[in-house]
Amino acid sequence: MENDELQRLVEEISLHFFSMPFLHKAIFNSRLKTTGGRYLTKTHHLEFNPKSYEQYGLDELIGIIKHELCHYHMHLQGKGYKHKDQDFKQCLKKIGGSRFAKQLSKQKEQPYRFLLECRTCGQQYFRKKKMNPDRYRCGKCGGKLKGIEIDYQK
Ligand SMILES: [Zn+2]
Ligand SMILES: [Zn+2]
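Below or above, wherever it landed, is the structure these notes cover. Note that the coordinates shown come from a computational prediction; the quantities given were computed from them, not determined experimentally.

**Comments concerning the state of the cysteines**
In step 1: Summed over the entire model, instances satisfying the criterion amount to 1 disulfide.
In step 2: Linked covalently through their sulfurs, Cys-70 and Cys-91 form a disulfide whose S-S length is 2.4 Å. Judged by the torsion about the S-S bond (-85°), the Cys-70/Cys-91 disulfide is left-handed. Here Cys-91 lies in helix α4 (residues 86-95) and Cys-70 lies in helix α3 (residues 58-76), a separation of 21 residues in the sequence. The two residues Cys-70 and Cys-91 agree in class, both being buried.

Right, dumping it as C-alpha cells:
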C-alpha cells in the first residue's frame, strides 16, 4: 500500500466513523519500530508502521487508524486525547479501535533496497525497488529527494 492509498483510507474512516474530515497528512514511516502508529501533536499528522499492515493485514491497519484518529479528533476538539483520558477511552470504545497494536516481530525485516532522502528536511523513505528521485517530492516538506542504494550486510 502506498502513502496516497493510506491517506484516502484514513480520510474515509474519519468521515465514516467520526463524521468529521481528516485534514492532515497520513504517511507510512518505516522507521517506527514497535508502535503501529503515532499522532504528532504539533503538526497533526499521523504516521503508520508499514510492518503492521504487511504482517497482520488490513484489519489490523484499520484498527490502528481508528486508534490514532481518536488521538487526532480528541486533540483538535480540545478534549482529553491521551491514553489515560476518559474522552480518549470512550472514543476508542465507541468506534472499536485497537487498544494496542499487535507486537511486531523483528525476524521479518523488510528487504529495503533503496532509500529516498529529502534534501531539505532529511526525511527518509525506504523502498523495495529503485526509483527515480526526480519524479517524487518529500511528503513532509515538499523538498527534492535524492536516491541512495542500500547495501545490506547479513
Ligand atoms: Zn495511542
Ligand atoms: Zn522534506
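**Looking at the pattern of salt bridges**
In step 1: In the structure shown here, the tally under the stated rule is 4 salt bridges.
In step 2: For Lys-84, the salt bridge is made with Asp-85, and the minimal N-O distance between the two is 3.6 Å.
In step 3: Given a relative accessible area of 61%, Lys-84 falls into the exposed group.
In step 4: Looking at Asp-85, the relative accessible area reads 18%, which means it is buried.
In step 5: Across the salt bridge formed by Glu-149 and Lys-130, the nearest N and O atoms sit 3.0 Å from each other. Of this pair, Glu-149 sits in strand β6 (residues 145-149) while Lys-130 is found in the loop between β5 (124-127) and β6, placing the two residues 19 residues apart along the sequence. Exposure class is identical for Glu-149 and Lys-130. Each is exposed.

Calculation rules
- Residues numbered from 1 in each chain as written.
- Chains lettered and ligands numbered in written order.
- Predicted model: local features only at pLDDT ≥ 70, side-chain atom pairs only at ≥ 80, totals over all residues.
- Heavy atoms only, no water.
- Disulfide = S-S within 2.5 Å.
- Helix = DSSP H or I, 4+ residues; strand = E, 2+ residues; numbered from the N terminus.
- Buried < 20%, exposed > 50% of the residue type's maximum accessible area, 1.4 Å probe, protein only.
- Salt bridge = Lys/Arg side-chain N within 4 Å of Asp/Glu carboxyl O.

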